[in-house]
Structures are given as structure tokens and as C-alpha cells.
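If you want the building blocks of each chain, they are given just below.
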Amino acid sequence: NDPHVWLDPQNAKYEMNQIKKALIKADPDNKDYYEANYKKEAARCDELDQQYKKELAQVSKRELVVAHEAFGYLCRAYDLKQIGIEGIQSDSEPDAARMKEIIQFAKKHDVGTIFFEELVSPKVAETIAKEIGAKTAVLDTLEGMSDEDQKAGADYFSVMEENLRTLKKALDN
């Protein structure tokens, strides 16, 4: 199963609500604080969801070639189709038959960008991109966000907004 449920903002909102409930149960004296924070962040999830719907409804392509199938929830939410160079796990390299299958898919669907994540080596994505004359780009699962990234202001929303810009650029070509 794809564990990356938070890549759909409505799922992230649900997770936030569950966390809020657990915090209130553990610390009922601060219920109003948790409720207010949840309300603010839930509204941001709704805004992000609407932004994704609006922007991705206008793209000309719907197919993504990704290093591994981490984007199932995001694709389902916004009517996109992912094909993973690897399956859910990102710790193996595809065999020659799988590489050929991906290259054929990418050519058939005129894929111009092969996506990989920060925590995964880009070499397989780069090999496929070179073979079909495409580019590579990072599509972030948020799993690799460092303390430095957070200190620089990165958070769920900034990363998801960057993912949207990356998707829109790749799917409009």
C-alpha cells in the first residue's frame, strides 16, 4: 500500500483532525488552542486542494512517470495517472524489461518530464529522460524535509505548492 496519504490535502486535513483530537485528549486544558490551530490549518488544506483542482484541470497531459509510486493519493485526487519506474518501494532498480516498458509508455504519452524524489537517486530517471529526450524534476514526498529546510521556512504547504508548480510546468509541455 502507498503510505503517502498526506499528498492529498484532504487526507492531510483528516490526519490533522485526528492529531488535534489526540492532543485534546492528552491535554484538555489547551483544547481551544488546538481547535484554533486546526481550524486555521484545515482552511489552508482546503485552499491548497482548490488550487490543485483549478491548476491541474487546465493541464494538457495527465500521465506522470515517477521514480516510485508514491503519488497515488495525489493522482487520484486530481485525475492524474502515475506510472512508477519502481513500485511502492524505492530501494531497487528496475530490470531491462521494466525500463523498456517505461520508455514505451513515456513515448506513447509524450511525457516530457521524469520525476524523482530527493531521497532517491536520480540516475534511473535521468537515464530514461535521456533516452526519450525529456527533462527530470523533483516531485517531493515531504519525507526528506530537513531541519535546515524547516528553519528556512519550508513546511507542508510550501512544499505542496512547489510540487504544484512543478506538475503544472511538466504537464503543460
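Residues numbered from 1 in each chain as written. Predicted model: local features only at pLDDT ≥ 70, side-chain atom pairs only at ≥ 80, totals over all residues. Heavy atoms only, no water.

1. A short note on the overall build of the protein
Next, step 1: Helices and strands together make up the secondary structure of the protein, namely seven helices and four strands.
Next, step 2: Element order for the protein, N to C, with α for helix and β for strand: α-α-β-α-β-α-β-α-β-α-α.
Next, step 3: For the protein, the spread of C-alpha atoms along the three principal axes comes to 60 × 35 × 30 Å.
Next, step 4: In the protein, which comprises 173 residues, the share counted as buried stands at 41%.
Next, step 5: When contacts within the protein are restricted to residue pairs at least 6 apart in sequence, those whose partners lie at least 24 apart make up 59%.
Next, step 6: Of the accessible surface of the protein, which amounts to about 9,800 Å², a share of 49% is contributed by carbon and sulfur atoms.
Next, step 7: For the protein, the centre of its 25 positive side-chain charges and the centre of its 34 negative side-chain charges are spaced 5 Å apart. (Helix = DSSP H or I, 4+ residues; strand = E, 2+ residues; numbered from the N terminus. Buried < 20%, exposed > 50% of the residue type's maximum accessible area, 1.4 Å probe, protein only. Contact = heavy atoms within 4.5 Å. Areas by Shrake-Rupley, 256 points an atom, 1.4 Å probe, with all protein chains shown as cover. Lys, Arg positive; Asp, Glu negative; His and termini not counted. Charge placed at Lys NZ, Arg CZ, Asp CG, Glu CD.)

2. Quick look at helix H7 (residues 156–171)
Next, step 1: With 16 residues, H7 should cover 22 Å at 1.5 Å per step; its first-to-last C-alpha distance of 22 Å lies within 8% of that length.
Next, step 2: Lining the buried residues of H7 we find helix H1 (9–26), helix H2 (31–57), strand E1 (63–68), helix H3 (72–77), strand E3 (113–116) and strand E4 (135–138).
Next, step 3: For H7, the N-terminal capping position is held by Asp 155, with its side-chain oxygen 3.1 Å away from the main-chain nitrogen of Phe 157. (Expected span 1.5 Å × (residues − 1). Polar contact = N/O pair within 3.5 Å; in protein donor to acceptor, adjacent residues only side chain to side chain.)

3. Focus: the packing of aromatic side chains
Next, step 1: Scanning all chains against the criterion turns up three aromatic pairs.
Next, step 2: Between the aromatic rings of Tyr 33 and Tyr 34, the centroid separation amounts to 5.6 Å while the plane-to-plane angle is 65 degrees, which identifies the pairing as edge-to-face.
Next, step 3: Between Lys 20 and the ring centre of Tyr 38, over which it is positioned, the NZ or CZ distance is 4.7 Å.
Next, step 4: Sitting above the plane of the Tyr 73 ring, Arg 76 keeps its charged end 4.9 Å from the centroid. (Phe/Tyr/Trp six-rings, centres within 6.5 Å; stacked < 30°, edge-to-face > 60°. Lys NZ or Arg CZ within 6 Å of the ring centre and 35° of its normal.)

4. Some remarks on the pairing of E4
Next, step 1: Pairing between E3 and E4: four bridges, direction parallel. Its bridge partner lying in E4, Phe 115 is registered against Ala 137.
Next, step 2: Taken together, E3, helix H5 (residues 123–132) and E4 constitute a β-α-β crossover, and its handedness is right-handed. (Pairing = 2+ DSSP bridges. Right-handed = clockwise from strand over helix to strand, strands pointing away.)

5. Looking at the pairing of E3
Next, step 1: Neither face of E3 is exposed, since Thr 113 and Phe 115 on one face and Ile 114 and Phe 116 on the opposite face are all buried.
Next, step 2: With two bridges connecting them, E1 and E3 associate as parallel partners. Following the sheet pairing, Val 65 is matched in E3 by Ile 114.

6. Description of the nonpolar core
Next, step 1: Counting 27 residues, the largest nonpolar core has Tyr 52, Leu 56 and Leu 167 as the members making the most contacts within it.
Next, step 2: For this core, the element with the highest residue contribution is H7, accounting for eight residues.
Next, step 3: Dropping the residues within four chain positions of it, Leu 56 is found in contact with Arg 62, Tyr 78, Leu 80, Leu 164, Leu 167 and Leu 171.
Next, step 4: Judged by nonpolar contacts, the second largest core, of 19 residues, contains Phe 105, Ala 106, Phe 116 and Ile 132. (Core = buried A, V, L, I, M, F, W, Y, C linked by side-chain atoms within 4.5 Å.)

7. Let's talk about the layout of surface pockets
Next, step 1: In this structure, the largest pocket occupies an estimated 370 Å³ of space.
Next, step 2: Taken together, 15 residues line the largest pocket, and the ones lying closest to its centre are Ala 12, Glu 15, Met 16, Ile 19 and Glu 41.
Next, step 3: Breaking the lining of the largest pocket down by element, the ones donating at least two residues are H1 and H2.
Next, step 4: The element contributing the most residues to the lining of the largest pocket is H1, with six residues.
Next, step 5: In terms of residue class, the lining of the largest pocket is made up of ten nonpolar, one polar and four charged. (1 Å grid on protein atoms, 1.4 Å probe; cavity = no way out; pocket = protein on both sides within 12 Å on 5 of 7 lines; lining within 4 Å. Points joined across faces, edges and corners; volume = space filled by probe spheres on them. Nonpolar A, V, L, I, M, F, W, Y, C, P; charged D, E, K, R; others polar.)

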